[in-house]
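# Notes for the structure review
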Amino acid sequence: MAKDKKRNDQISKEKKKGLGRGLWSVWAVIVVLFATAAVTTRTGSKIALFANNQTSCHCSSSSQDSVKYTGMVEDCCCDYETVDSVNGEVLHPLLQQLVTTPFFRYFKAKLWCDCPFWPDDGMCRLRDCSVCECPENEFPEPFKKPFHILPSDDLMCQEGKPEATVDRTLDKRAFRGWIETDNPWTNDDETDNREMTYVNLLLNPERYTGYTGPSARRIWDAVYTENCPKYSSGEICQEKKVLYKLISGLHSSISIHIAADYLLDESTNLWGKNPELMYDRVLRYQDRVRNLYFTFLFVLRAVTKATDYLEQAEYDTGNHEDDLKTVSLMKQLLYNPKLQAACPLPFDEAKLWQGQSGPELKQQIQKQFRNISALMDCVGCEKCRLWGKLQVLGLGTALKILFSVEGQNHAAQSLQLQRNEVIALVNLLNRLSESVKIVHEMGPSIEKIMEKNISDPSALEFSKWRRMWKSVLALW
């Protein structure tokens, strides 16, 4: 009996010691959380390049201000309800399949960083800044012939990061049937293949990269203040409003994708959605959401206007089965009866550039967009630069289709597009389609939660602590 009592006392002491050690561990974690929360509070404003500094547009008041996102999309020919319905049922599923095909998977870009405006001093915090080098066996056989390779020791563009090299394999067969033609709306000479590199977009998704600081903010500052100023509430010139709304809509889309694929915990490489960031950068500003819908319909109009050209194009990558699938998906996109019935003319470009000042105004806006395109060479993060170049080229291709071709009925005869322009155009439409879908499906619930948290700050703090605590528990 005495021995049993002594043994029980010893077990009890060991339990207390274990409990004490456990409590000390918990308190240590809490101290770390306090420190992390303090750092997070101080650095919360530092986010990725394409989620910063969007200037709010002070549009003229309308009946839409009282009810969010209902009725006609401003300056377009479709209403919000129709856009959400057609996008969810038709466009988004098709585009998601289309961008995974070999033809639309590879994008050609100049990733070297010769900024024409200032020396790049940006710094990437994460490896996710660099574009992933694709293994040779990942490419289709025709893509394996080298075209031009930059020296492997040329690290100037990547701020000394050796892991930032990219695959530079080019498929010469992929250019059969395509004309090498330059885009007057963009800065890069699309006919110049020197120092071009092919990148697999599926291996380099658009997401948070950690690219922050003055260099990152300076890009958008230059875009808005020097090349795309916001229009005043009394602005009646439609053309001056278009460029701002397109860039604002593109900016909103990029911010949404960063928030939707965000690095929540760098120590555990935990990725997920960041609803606070999505609300703070886009959802809380109605004009930014409206401009997203406007840009989506603008690009969709460019695709539908180029239907004859895109249907006749040669989608050859050397894989007959995959190429047949690409052709089939393109035809489903271009001739979908639901889309044609619901939104036959997403945007009416014929009403622009009218009057005596039309040609001069067009040249002015074209010059501004070219400057915006050139600014992509100043982005210090390689992956940000890749997606910036792709989406700006896609938008430039939409502008080329809508405003560089005279007459809707003769587009197939006079329009000339590069393979790379079509890849950029379709991938941009997919990015915008996904952003619209996210806003439609997640926006209302995020807005409701965040507006409640704003009215009750303690709820917001509790939400942050709960997420941090979950990440701690996941480690145990």
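A brief look at the structure comes next. Only a predicted model underlies this, so the values are computations on that prediction, with no experimental measurement involved.

This part takes up empty space enclosed by the protein. Any space left empty among the atoms is revealed by the rolling of a water-sized probe across them. Under the criterion given, the structure shown has six cavities of 30 Å³ or more. One number sums up the size of the second largest cavity: a volume of about 70 Å³. Looking at the second largest cavity, it is lined by 11 residues, and the ones nearest its centre are W220, L250, I254, M376 and V392. Mapped by element, the contributors of at least two residues to the lining of the second largest cavity are helix 5 (238–260) and helix 12 (382–403). At four residues, helix 12 tops the list of elements feeding residues into the lining of the second largest cavity. Looking at the lining of the second largest cavity residue by residue, the class counts come to nine nonpolar, two polar and no charged.

Residues separated by three or four positions in an α-helix point in the same direction, a consequence of the helix having 3.6 residues per turn. Taking the largest bend as the criterion, helix 2 (residues 80–98) deviates by roughly 55 degrees, centred on N87. Taken residue by residue, helix 2 has Y80, T82, V83, D84, V86, N87, V90, L91, H92, L94, L95 and L98 as its buried positions. Residues of helix 2 that are buried make contact with helix 3 (102–105), helix 7 (286–305), helix 9 (320–334), helix 10 (337–342) and helix 14 (419–455). The N-cap of helix 2, judged by a side-chain oxygen 3.2 Å from the amide nitrogen of E81 a few residues on, is D79.

As a further point, take the state of the cysteines. Overall, the coordinates contain two disulfides when judged by the stated rule. Between the sulfur atoms of C78 and its disulfide partner C343 the distance amounts to 1.5 Å. Disulfide C78 to C343: torsion about the S-S bond roughly 90 degrees, handedness right-handed. Of this pair, C78 sits in the loop between helix 1 (2–43) and helix 2 while C343 sits in the loop between helix 10 and helix 11 (358–375), placing them 265 residues apart in sequence. The class of C78 is buried, set by a relative accessible area of 2%. With a relative accessible area of 6%, C343 lands in the buried category. Sulfur-sulfur distance for the disulfide between C115 and C378 comes to 1.9 Å. Across the S-S bond of C115 and C378 the torsion is about 75 degrees, and the bridge reads as right-handed. Placement of C115 in the loop between strand 1 (106–109) and strand 2 (197–200) and of C378 in the loop between helix 11 and helix 12 is noted, with a sequence separation of 263 residues between them. The same class applies to C115 and to C378, which are both buried.

Considering all chains together, one arrives at 13 salt bridges under this definition. Residues R281 and D280 are paired through a salt bridge, measuring 3.5 Å at the closest nitrogen-oxygen approach. Where K400 meets E421, a salt bridge forms, and the shortest distance between an N and an O atom there is 3.2 Å. In this pair, K400 sits in helix 12 while E421 sits in helix 14, placing the two residues 21 residues apart along the sequence. Summarising the burial analysis for this pair, K400 and E421 share the class buried. Each member of the salt-bridge network shares a partner with another, and the members are E74, D75 and K245.

What counts, and at which threshold
Residues numbered from 1 in each chain as written. Predicted model: local features only at pLDDT ≥ 70, side-chain atom pairs only at ≥ 80, totals over all residues. Heavy atoms only, no water. 1 Å grid on protein atoms, 1.4 Å probe; cavity = no way out; pocket = protein on both sides within 12 Å on 5 of 7 lines; lining within 4 Å. Points joined across faces, edges and corners; volume = space filled by probe spheres on them. Helix = DSSP H or I, 4+ residues; strand = E, 2+ residues; numbered from the N terminus. Nonpolar A, V, L, I, M, F, W, Y, C, P; charged D, E, K, R; others polar. Bend = angle between axes of the 7 residues up to and from the residue. Buried < 20%, exposed > 50% of the residue type's maximum accessible area, 1.4 Å probe, protein only. Contact = heavy atoms within 4.5 Å. Polar contact = N/O pair within 3.5 Å; in protein donor to acceptor, adjacent residues only side chain to side chain. Disulfide = S-S within 2.5 Å. Salt bridge = Lys/Arg side-chain N within 4 Å of Asp/Glu carboxyl O.

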